[in-house]
Amino acid sequence: MIYGGAALAEVTQDEADASISYALESGINHFDTAADYGDSELRLGPWMERLGASVFLATKTGERTRDGARRSIEASLERLRVDRVDLLQLHAIGDEAELDAVTARGGALEAAIEARDEGLVGGIGITGHGHGAPSTHLEALRRFPFDTVLTPLNYVLYGREPYRRNYDALAAETTRQDAALLIIKALAKNLWGEGEPAPYTTWYEPLEEQRRIDAAIAFVLARPEVAGLAAAADVRLLPRIVEGERRAETMSGEEIDAVLGGVPEYASTFEPASGRAVPEWLDI
């Protein structure tokens, strides 16, 4: 399990401390954040300053240019109160136009490589949302040997034949290159309805019943290529996610199908549906 730092975007330090403490007590030692996750890096900073090498720390830059990414990396280190991070990821690369921008001359990838060579970051990764993420990340691995790939996967996405085909090709390539395949959006159920109050800080409506969470996590962790699964972006969901991970190996494929196959209004969060809208910031 990976601690999803987006959950700390808008919480108090006391709320963050309680959640981080719970994660550590539960055995989670991989913390993933980003420069644009609100106050997340600031909330993690006091912990990372003293935990040091006992945890694996990852952050992200959403900048597309070399100079912008360099400034972003330096600011992240300052907010996190560390001299280096274990992983720096190029954030929200979900289509080839974004990939072209970061891999071009003067693009963000150059800043990531320089920071790695200077010892400011360990590995270099890539992340992205949208139905085009797996194919885009596959192309990214053809251009550069990224150490990690953070891409969406859940039961309903894998049920879509084009998505499944692209995801499987990505999984094969990460295995061939020995790149770590990390998964997001395992608990995504649907988009919030327009005008619907959102009881969680996730931008999508998550699965929230424990049995469904168990099945969603078991579905992802049953796949041998998966190196890590990021927890959803709400501190209140973390205990249920930890419980789901603990029970993942006890669920059979038939049980997973029986539970998730009966979820009402279960759909991709990367396309609008009647009465629901994709967030404006999510360029899919």
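Residues numbered from 1 in each chain as written. Predicted model: local features only at pLDDT ≥ 70, side-chain atom pairs only at ≥ 80, totals over all residues. Heavy atoms only, no water.

**Q** Describe the layout of surface pockets, naming the residues involved and giving the relevant values.
**A** Roughly 960 Å³ of volume is contained in the largest pocket. Taken together, 42 residues form the lining of the largest pocket, with Ala6, Tyr37, Trp203, Ala233 and Trp281 sitting closest to its centre. Along the lines of polarity and charge, the residues of the lining of the largest pocket split into 23 nonpolar, 9 polar and 10 charged. (1 Å grid on protein atoms, 1.4 Å probe; cavity = no way out; pocket = protein on both sides within 12 Å on 5 of 7 lines; lining within 4 Å. Points joined across faces, edges and corners; volume = space filled by probe spheres on them. Nonpolar A, V, L, I, M, F, W, Y, C, P; charged D, E, K, R; others polar.)

**Q** An account of the packing of aromatic side chains is needed here, citing residue identities and associated values.
**A** Going through the model one piece at a time under the given rule, you end up with 8 aromatic pairs. Between tyrosine 3 and phenylalanine 31 the ring centres are 5.2 Å apart and the planes differ by 35°, which places this aromatic pair in the tilted class. With tyrosine 3 in strand 1 (residues 3–4) and phenylalanine 31 in strand 2 (residues 30–32), this residue pair connects regions lying 28 residues apart in the sequence. Both residues of the pair, tyrosine 3 and phenylalanine 31, belong to the buried class. Considering the side-chain rings of tyrosine 155 and phenylalanine 219, the 5.5 Å spacing of their centres and the 80° angle between planes classify their relative orientation as edge-to-face. With tyrosine 155 in helix 7 (residues 155–158) and phenylalanine 219 in helix 9 (residues 210–221), this residue pair connects regions lying 64 residues apart in the sequence. (Phe/Tyr/Trp six-rings, centres within 6.5 Å; stacked < 30°, edge-to-face > 60°. Helix = DSSP H or I, 4+ residues; strand = E, 2+ residues; numbered from the N terminus. Buried < 20%, exposed > 50% of the residue type's maximum accessible area, 1.4 Å probe, protein only.)

**Q** Lay out empty space enclosed by the protein with the relevant residues and their values.
**A** Overall, the coordinates contain 1 cavity of 30 Å³ or more when judged by the stated rule. Looking at the largest cavity, its volume works out to about 30 Å³. Lining the largest cavity, in full, are Tyr3, Gly4, Ala7, Ser19, Ala231, Ala232, Asp234, Val235 and Leu238. Looking at the lining of the largest cavity residue by residue, the classes come out as 6 nonpolar, 2 polar and 1 charged.

The values reported here are purely geometric and, on their own, carry no functional implication.
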